[in-house]
Amino acid sequence: MSVWVDLQGQGPVVEQLRRAAQSSRPTHAWLLTGPPGSGRSNAALAFAAALVCDRGELAERGCGVCKACHTTLAGTNADVTFIATEKTTISIEEARELVRKAHDSPSSSRWRVMIVGDADRMAERTTNVLLKAIEEPPPRTIWILCAPSPADVLVTIRSRCRTLTLRLPPVEDVAALLVRRDGIDPALALHAARAAQSHIGIARRLASDAGARERRDAIVRLPFSLRDVSAAVRAAGNLLELAQAEASSSNEERDIEDKARLLASLGAPETGALPPPMRAAVRALEEDQKRRSKRSVTDQLDRALTDLLSFYRDVLVLQLAARGGSGVVPPGGAVELVNESLRDHVAEFAGRARPESTLARMDSINAVRRRLTTTNVSPLLALEAMAVSLL
């Protein structure tokens, strides 16, 4: 057992983090980058667990079985602070609280570890609050920042960090992880890993939730229904509904668990009305859940558009293969598709269009993705305009 065991396909990064955890003077600030699904946050937590591991100096740290490792991975270690936002951005108040905590001495470990799981979701003035603390941290504090790419973090911050880049693991490695860790049937695990494009969290959800698989299948089949403007408008509405349904499904269980945990921590009575202070705490939680739900819909829309992109990616691959594109067809093998179960339908679709029009459609989808995450555009209007452009 080891804290590194679930970091599939990240050998070079794991080796560098493992050596740093063994060092008596590791680098004080790290920037872990990689595409969504590459496991940035998991790598940060594994590294933090190894840094605070209870094992002695002669043993390799990051055992995965000691109390420090267990509490770090569970998010309850007093010497490890992890912040990620359920809102659009990390607030300046949250950043100031991080700086205050960073100056506390570790309570029982060698290091105090500060992890910012969404370093790309900080405005410039918020990032500047962290700058001094990262530039000149207390002697026993280590910072770990996570972002999709170095460009998503201010140059003043990334220049003071050691950067490591994670990659999306191979589909086969993700499938093997689902089989080993979650007991998923191997065939279903491989299908989910391919459909998720190696995003481990999405693959796990697809493998364990039949409803999620059905919603994704409906999204990927959307191009087959685009016959005219009216059909495109209906398809846009369906796409938004599917994303909202997926967001609701993924949040519902978590909201119930969060409320139960809060009531238990407050010592709330099992029956009868709650006292006013407890009601206020529950209301505050519900407000946080509403904000999380809003971001969740945006995130699920982005994921839905990523799934839609996978359809046109498959179309483009087949079109280029038909033209004899160099490097498209592996030696002695067929072209691998993300949506392998739809190969015949995708091939028929590809035969009715040109690669240039497929690329234009992919550009249109990516433009909407950027608009939805950076502006206050109406999601439905943006999706309708996109769907019409896909005709």
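Fair warning: this is a prediction, and the values are worked out from it, not measured in the lab.

**Q** Would you mind going over the packing of aromatic side chains with me for this structure?
**A** Between two aromatic rings, the relevant description is the distance of the centres plus the angle of the planes. Scanning all chains against the criterion turns up six aromatic pairs. Relative to Y312, the ring of F311 has its centre 5.2 Å away and its plane inclined at 90°; by these criteria the two rings are edge-to-face. Accessibility assignment for this pair places F311 and Y312 in one class, buried. Ring centres of F311 and F349 lie 5.1 Å apart, and the angle between their planes is 80°; this geometry places the pair in the edge-to-face category. Taken as a pair, F311 in helix 12 (residues 276-322) and F349 in helix 13 (residues 343-350) lie far apart in primary sequence, 38 residues in all. Each member of the pair F311 and F349 is classed as buried.

**Q** I would appreciate a short explanation of unusual backbone geometry in the present structure.
**A** Glycine aside, residues mostly have negative phi, and peptide bonds are mostly found in the trans state. One non-glycine residue with positive phi stands out, namely Q197, at about 55°. Here Q197 shows up in the loop between helix 8 (186-195) and helix 9 (200-208). Positive phi, normally seen in glycine, also occurs at S198, with a value near 70°. Mapped onto the elements, S198 comes out in the loop between helix 8 and helix 9. In this structure S198 comes out as buried when scored by relative accessible area, which is 6%.

**Q** Honestly, helix 4 (residues 92-102) in this entry has me stumped. Any pointers?
**A** Since the α-helix advances by 3.6 residues per turn, residues separated by three or four positions end up pointing in the same direction. Among the residues making up helix 4, those that are buried are I92, A95, L98, V99 and A102. Looking down the long axis of helix 4, one finds its buried residues gathered within 115° of arc, a one-sided arrangement. Turned more than 90 degrees away from the buried face of helix 4 sit E93 and R100, all of them exposed. On the buried face of helix 4, the contacting elements are strand 2 (80-83), strand 3 (112-116), helix 5 (124-135) and strand 4 (141-147).

**Q** Would you explain the sheet that holds strand 5 (residues 162-165) in this entry?
**A** Remark on secondary structure: sheet strands pair via backbone hydrogen bonds, oriented parallel or antiparallel. Strands sit in the order 2-3-4-1-5 across an open sheet of five strands; the sheet is parallel. Either end of the sheet is taken by a strand with one partner, and the two such strands are strand 2 and strand 5. Between one strand and the next, the sheet's axes are offset by a mean angle of 15°, whatever the strand orientation. Bridge analysis of strand 3 against strand 4 gives five bridges, and the strand direction is parallel. For V113, the partnering residue across the bridge sits in strand 4 and is I142.

**Q** Looking at this structure, I do not really get the domain arrangement of the protein. What am I missing?
**A** Reports often express the size of an interface as the amount of accessible area lost when the parts come together. When cut into domains, the protein gives domain 1 (10-165), domain 2 (171-208) and domain 3 (229-324 + 334-390). On a C-alpha basis, the centres of domain 1 and domain 2 stand 27 Å from each other.

**Q** Looking at this structure, how should I read the pairing of strand 1 (residues 29-33)?
**A** Here is the key point about a regular strand: its side chains alternate between the two faces of the sheet. Across the five residues of strand 1, five count as buried, placing the element largely inside the fold. Side chains of strand 1 alternate between two faces, with A29, L31 and T33 and W30 and L32 buried alike. Where strand 1 meets strand 4, five bridges bridge the pair, whose relative direction is parallel. Paired with W30 across the bridge in strand 4 is I144.

**Q** Can you walk me through the side chain of R361 in this structure?
**A** Following the sequence through the fold, R361 ends up in helix 14 (residues 355-374). Although R361 lies buried, it forms no salt bridge, and the closest oppositely charged side chain, E356, sits 10 Å away as judged by the N-O distance. For R361, the residues in contact, after removing those within four places along its chain, are Y312, F349, A353, S389, L390 and L391.

Procedures and definitions
Residues numbered from 1 in each chain as written. Predicted model: local features only at pLDDT ≥ 70, side-chain atom pairs only at ≥ 80, totals over all residues. Heavy atoms only, no water. Phe/Tyr/Trp six-rings, centres within 6.5 Å; stacked < 30°, edge-to-face > 60°. Buried < 20%, exposed > 50% of the residue type's maximum accessible area, 1.4 Å probe, protein only. Helix = DSSP H or I, 4+ residues; strand = E, 2+ residues; numbered from the N terminus. Arc of directions from axis to C-beta. Contact = heavy atoms within 4.5 Å. Pairing = 2+ DSSP bridges. Axes fitted to C-alpha atoms, helices over the stretch in contact; angles between N-to-C directions. Domains from an automatic or database assignment. Lys, Arg positive; Asp, Glu negative; His and termini not counted. Salt bridge = Lys/Arg side-chain N within 4 Å of Asp/Glu carboxyl O.

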